[in-house]
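The residues making up each chain are set out below.
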Amino acid sequence: MKKVIAMLLSLVMVLGMAACGGTNTQEESQTTAEDTAEEETEETEPAESEAEAETETGSYKIGFSVKTLTNEPFQAFIADMIQTKVEEAGCEFVLATTDSAEDVAQQVSQIEDMLVSGIDALIVNPLDSNAIIPALERCKEENVPVIMVDSGPAEGTDESLYVTYIGTDNYAGSVTAGEKMAEELGGEGKVVIVRGVSGNTAGEARANGFKAGLEGTNVEVVAEQPGNWSNDDALQAMENMLIANPDIDGVYSCSDVMLDGILEAIDSAGADDILIYSFDGLTNGCQLVLDGRVQATMQQYPSVMGELAVEYLLQILNGEKTADDFEKFVDSGVAYVTQENAEEALQNAP
Amino acid sequence: MQKNVTRRKNPFRKVSGRPFVRTLVIIAVILMMAALIPNFLKFSNLMNVLRQASIIAIPAIGVTMAMITKGIDLSTSGVIAFAPMCVIVMYHAGIPFALCVLCGILTGVLAGLLNGLLIARVGVLPFIATYVSGTIMLGLTMVIGNGGSVTGFPKGYTQIGNGSVLGIPWSNIIMLLCVAAGALFLGKTKYGNRIYALGNNESVIRMEGLSPEKLLIAIYGIGGFFSAVAGLLLSSQLSTVHPTQGNSYQLDCIAACILGGTSMLGGSGTVINSALGAIGIAAMRNALNLLGLHPYVQNLLLGTLIILIVAVNVLLKQREKRQQEGFNIRRADT
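The rules behind these values
- Residues numbered from 1 in each chain as written.
- Chains lettered and ligands numbered in written order.
- Predicted model: local features only at pLDDT ≥ 70, side-chain atom pairs only at ≥ 80, totals over all residues.
- Heavy atoms only, no water.
- Helix = DSSP H or I, 4+ residues; strand = E, 2+ residues; numbered from the N terminus.
- Buried < 20%, exposed > 50% of the residue type's maximum accessible area, 1.4 Å probe, protein only.
- Contact = heavy atoms within 4.5 Å.
- Areas by Shrake-Rupley, 256 points an atom, 1.4 Å probe, with all protein chains shown as cover.
- Salt bridge = Lys/Arg side-chain N within 4 Å of Asp/Glu carboxyl O.
- Phe/Tyr/Trp six-rings, centres within 6.5 Å; stacked < 30°, edge-to-face > 60°.
- Polar contact = N/O pair within 3.5 Å; in protein donor to acceptor, adjacent residues only side chain to side chain.
- Patch = residues over 30% accessible without salt bridge, like charges linked within 9 Å, V, L, I, M, F, W, Y side chains within 5 Å.
- Pairing = 2+ DSSP bridges.
- Right-handed = clockwise from strand over helix to strand, strands pointing away.
- Axes fitted to C-alpha atoms, helices over the stretch in contact; angles between N-to-C directions.

**Q** Looking at this structure, how should I read the overall build of chain A?
**A** The number of helices and strands found in chain A is 13 helices and 12 strands. Per-residue burial over chain A gives 56% buried out of 350 residues. For chain A, the share of sequence-separated contacts (at least 6 apart) that also reach a separation of at least 24 residues comes to 74%. Taken as a whole, chain A presents about 14,600 Å² of accessible surface, with 46% of it coming from carbon and sulfur.

Below is the structure:
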């Protein structure tokens, strides 16, 4: 019996620590907890009363739903910028990340739970643009404006489900990359593509854009495999492609996060003279370009994404603008980084 | 259980019994969560929790039965992806939707029967057989879906996963029906009761004229059926079929069974307890999300909570065993 009581007490302790030790603005969450706990018994809508109380003080709760931040400096950059801007405005920031880049169902349930906890606005980077639609519909039911960043809506998505999509034009940026690589190869050669996670719109757009950039030249894509945004998977994919096609001239990586794996595969195969182009412009990518191991990367501006998203949402929440005042797609821009401007790009790299 | 044994009356008998303490712990945890977390007891939130739990609870029915026979089913994630992928690919090919759904569920059953054959007839270890078949299912899903997610279900279908009747989501009703069916089968039918003997005392089964092999194959077939149902339900909730949609549910399923008291050593466990375990896991995740905790901390807490609950269960079981042995020794003395 003593052991059971000890277990129970430790359970209470753990949960107690959890409730009081949240990383978000503690005072605010504790006061809202007390308020809504009282109102629960009256069966009024706690979300509404919270929102009423908050419009008076002008402080909102903004959530950001994204995939895992582990080994994802790009996503972490966006998240940090959003957190900074939200807290600067005196609002509360809630972060939800999934366990892995493939957990589409978890992202949906996290958004549902965030809605229950009373967020006023949502920024989301969807893992799968189709699977996110039910979550967006719930947000619309609760009158929570949504802005998508980095990965956009699937084709045919109802436009009333989101305010705008702020992101890099992955397609256009990759077309540039394809054209530049074709130029450097003199219009002839064989290349391979290391893709992202299947179904992710950003990844698909980059692969398709690169292929479009090669059109009209004699550069041929002999293989493409998913690297799933991870070095481990990219290593395997690159190894396999090198074994099947030992004499390729170039490789396009759909993201800098896969470069370490790709380089390792190239080194252990002893292959050289392979042009490597990439996308994202992260710190590691820019450094590799500076060192000459990678020839070019297309740098994105994730901080711009986060900043604009928060700015627009606050404008809507404060009533200054409505959802219709925004274009459905806002291009956050991309820069072509080569060894010449790599130093400068490194300064701005996530 | 101990009705015919004369023993010293322990005045604390009822209060220290395992089921009572377990109920006490559950009530304590629920009260704590309700007090510390705003909106937890809100009706729509509870319905959400059950909806999220349904995808864990339904395959758990099959996994429970497998674990009772000292086996395991690691093909749940494969079937959760493959069954709906079959449905949507066939639907896009022009086949009437009802037929597609039927075929989807059939693929799940066939996958399960394949598992059963490998385990019962060929003698492959359940771990290997189901792990491999799960991987094959995942591969097939990628192949017929061209490696990506596929969407385009008819409008009514997504209503099943997301809609509700009288405020209760359809998902919850389906989960209830499946769990009830599974519980009735396992607990009340002749075949169900004999499942507990499989892996422990096969001769008992043979004496009654049943074939242990056929029963084992049937168990995995049932598991495949429920995994397919869960897969179709998940795709209805997401309105899309994503090839890796089942990955996280596989381990959650097993954790739910263990949380519900099913032993990996076989011989014990019930469908209802596993379903409660599934609801427990979904509720814990929901509570952690509502608290707005940093995601890294969430996994830490979730693991700690599960270990605590399992440890309490194991300790109580040991106490019960010692008490039982104590009674047996006393009986031998008289």
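**Q** Looking at this model, I keep getting lost on the pattern of salt bridges. Mind explaining?
**A** Side chains carrying opposite charge are able to pair once their charged atoms draw close together. Residues and elements named next belong to chain A. In the structure shown here, the tally under the stated rule is 11 salt bridges over all chains. Salt-bridge contacts for R138 lead to E112; the nearest nitrogen and oxygen are separated by 2.7 Å. Of this pair, R138 sits in helix α6 (residues 133-141) while E112 sits in helix α5 (residues 104-116), and the two are 26 residues apart along the sequence. Residue class for E112 comes out buried when judged on its relative accessible area of 3%.

**Q** Mind showing me how you'd approach the packing of aromatic side chains here?
**A** Here the distance between the centres and the angle between the planes together describe a pair of aromatic rings. Residue and element names in this part refer to chain A. In total, this model carries nine aromatic pairs over all chains according to the counting rule given. Their ring planes at 5° and their centres at 4.1 Å tell us that F210 and Y252 sit as a pair that is stacked. Highlighted residues: F210 in helix α8 (residues 201-214) and Y252 in strand β8 (residues 250-253), separated in sequence by 42 residues. For F210, a relative accessible area of 0% corresponds to the buried category.

**Q** Is there a simple way to think about the side chain of T157 of chain A in this case?
**A** All names here are of chain A. Within the secondary structure, T157 is located in the loop between β4 (146-149) and β5 (164-167). T157 sits in the buried class, given a relative accessible area of 11%. In terms of polar contacts, T157 uses its side chain to reach the backbone carbonyl oxygen of A154, at 2.5 Å. Discounting chain neighbours no more than four positions away, the residues touching T157 are I133 and Y162.

**Q** Help me understand a nonpolar patch on the surface, please; the structure alone is not making it clear to me.
**A** On the surface, L125, F127, I128, Y131, V132, I136 and L140 of chain B cluster together into a nonpolar patch covering about 690 Å² of accessible area. Note on placement: Y131 of chain B falls in helix α6 (residues 126-144).

**Q** Is there a simple way to think about the pairing of strand β2 (residues 92-97) of chain A in this case?
**A** Each regular strand carries side chains that alternate between the two faces of the sheet. All names here are of chain A. For β2, a buried count of six out of six residues is recorded, marking the element as mostly surrounded by other parts of the structure. Burial along β2 is two-sided: the face carrying E92, V94 and A96 and the face carrying F93, L95 and T97 are both buried. Looking at chain direction, strand β1 (residues 61-66) and β2 are connected through six bridges and run parallel. Within β2, the position partnered with V66 by the bridge is T97. On the question of chirality, the crossover connecting β1 to the parallel β2 by way of helix α4 (residues 73-88) is right-handed.

**Q** Looking at this structure, how should I read the sheet that holds strand β12 (residues 334-337) of chain A?
**A** Strand pairing in a sheet is mediated by backbone hydrogen bonds. Such pairs are either parallel or antiparallel. All names here are of chain A. Reading across from one edge, β7-β6-β8-β9-β10-β12 is the order of the six strands in this open sheet, with mixed pairing throughout. Whereas interior strands pair on both sides, the edge strands pair on one side only; in this sheet they are β7 (218-226) and β12. On average, each strand axis in the sheet is inclined to that of its neighbour by 15°, with strand direction left out of account. Packing against the sheet, α8 makes contact with β6 (188-195), β7, β8, β9 (275-280) and β10 (296-300), and its axis sits at approximately 175° to β6.

**Q** Explain the sheet that holds β1 of chain A here, please?
**A** All names here are of chain A. Strand order in this open sheet of six strands is β2-β1-β3-β4-β5-β11, and the pairing throughout is parallel. Each edge of the sheet is formed by a strand with only one pairing partner; in this case those strands are β2 and β11 (329-331). With strand direction ignored, the average angle separating the axes of adjacent strands in the sheet is 20°. In the sheet, strand β3 (residues 121-124) pairs with β4 via three bridges, with the strands oriented parallel.

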